[in-house]
Amino acid sequence: MLVLILSVVALLIIGGCVCVFWAARGDAPRWARGVAKATLLGSELARSASRNPRHSQQSGGDD
């Protein structure tokens, strides 16, 4: 079951990358441009989450 879920996730990621490439060429239909925008937004969110990890502890505070 886990392999099936990971396979679906991998296919969605690959499909999103194909849509980004297709939209960058300029001849993509509207739905592919929408998928490309969603893929780019998801990558930006993942990148910002990895840059600024949220810590439960605050630095410099007295406990």
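Everything discussed here concerns the structure shown above.
Presented here is an overview of the structure given in this document. (Residues numbered from 1 in each chain as written. Predicted model: local features only at pLDDT ≥ 70, side-chain atom pairs only at ≥ 80, totals over all residues. Heavy atoms only, no water.)

1. Quick notes on the overall build of the chain
Turning to step 1, where the next piece is worked out: Within the chain, the secondary structure is distributed over two helices and zero strands.
Turning to step 2, where the next piece is worked out: The buried share of the chain, reckoned over its 63 residues, is 8%. (Helix = DSSP H or I, 4+ residues; strand = E, 2+ residues; numbered from the N terminus. Buried < 20%, exposed > 50% of the residue type's maximum accessible area, 1.4 Å probe, protein only.)

2. Observations regarding the packing of aromatic side chains
Turning to step 1, where the next piece is worked out: Across all of its chains, the model carries one aromatic pair by this definition.
Turning to step 2, where the next piece is worked out: With a centroid separation of 5.8 Å and an interplanar angle of 80°, the aromatic rings of tryptophan 22 and tryptophan 31 are classed as edge-to-face. (Phe/Tyr/Trp six-rings, centres within 6.5 Å; stacked < 30°, edge-to-face > 60°.)

3. Side note on the packing of helix α1 (residues 2-25) against helix α2 (residues 30-51)
Turning to step 1, where the next piece is worked out: Running from amino to carboxyl end, α1 crosses α2 at an angle of 115°, the nearest separation of the two axes being 8 Å. The chirality of how α1 crosses α2 is left-handed. Across the interface between the two elements, Gly16, Cys17, Cys19, Val20, Trp22 and Ala23 of α1 pack against Trp31, Ala32, Arg33, Val35, Ala36, Thr39 and Leu40 of α2.
Turning to step 2, where the next piece is worked out: Of the residues in the contact of α1 with α2, the class split is 10 nonpolar, two polar and one charged. (Axes fitted to C-alpha atoms, helices over the stretch in contact; angles between N-to-C directions. Left-handed = near helix turned anticlockwise from the far one by under 90°. Contact = heavy atoms within 4.5 Å. Nonpolar A, V, L, I, M, F, W, Y, C, P; charged D, E, K, R; others polar.)

4. What about a nonpolar patch on the surface?
Turning to step 1, where the next piece is worked out: A cluster of nonpolar residues, Met1, Leu4, Ile5, Val8, Val9, Leu12 and Ile13, forms a patch on the protein surface that exposes about 730 Å² of accessible area.
Turning to step 2, where the next piece is worked out: As for its placement among the helices and strands, methionine 1 is situated in the segment before α1. (Patch = residues over 30% accessible without salt bridge, like charges linked within 9 Å, V, L, I, M, F, W, Y side chains within 5 Å. Areas by Shrake-Rupley, 256 points an atom, 1.4 Å probe, with all protein chains shown as cover. Salt bridge = Lys/Arg side-chain N within 4 Å of Asp/Glu carboxyl O.)

5. Description of the state of the cysteines
Turning to step 1, where the next piece is worked out: Inspection of every chain in the model, using the stated rule, returns zero disulfides.
Turning to step 2, where the next piece is worked out: A disulfide-free cysteine, cysteine 17 has its sulfur positioned 9.4 Å from the sulfur of cysteine 19, the nearest such atom.
Turning to step 3, where the next piece is worked out: The class for cysteine 19 is buried, based on a relative accessible area of 7%. (Disulfide = S-S within 2.5 Å.)

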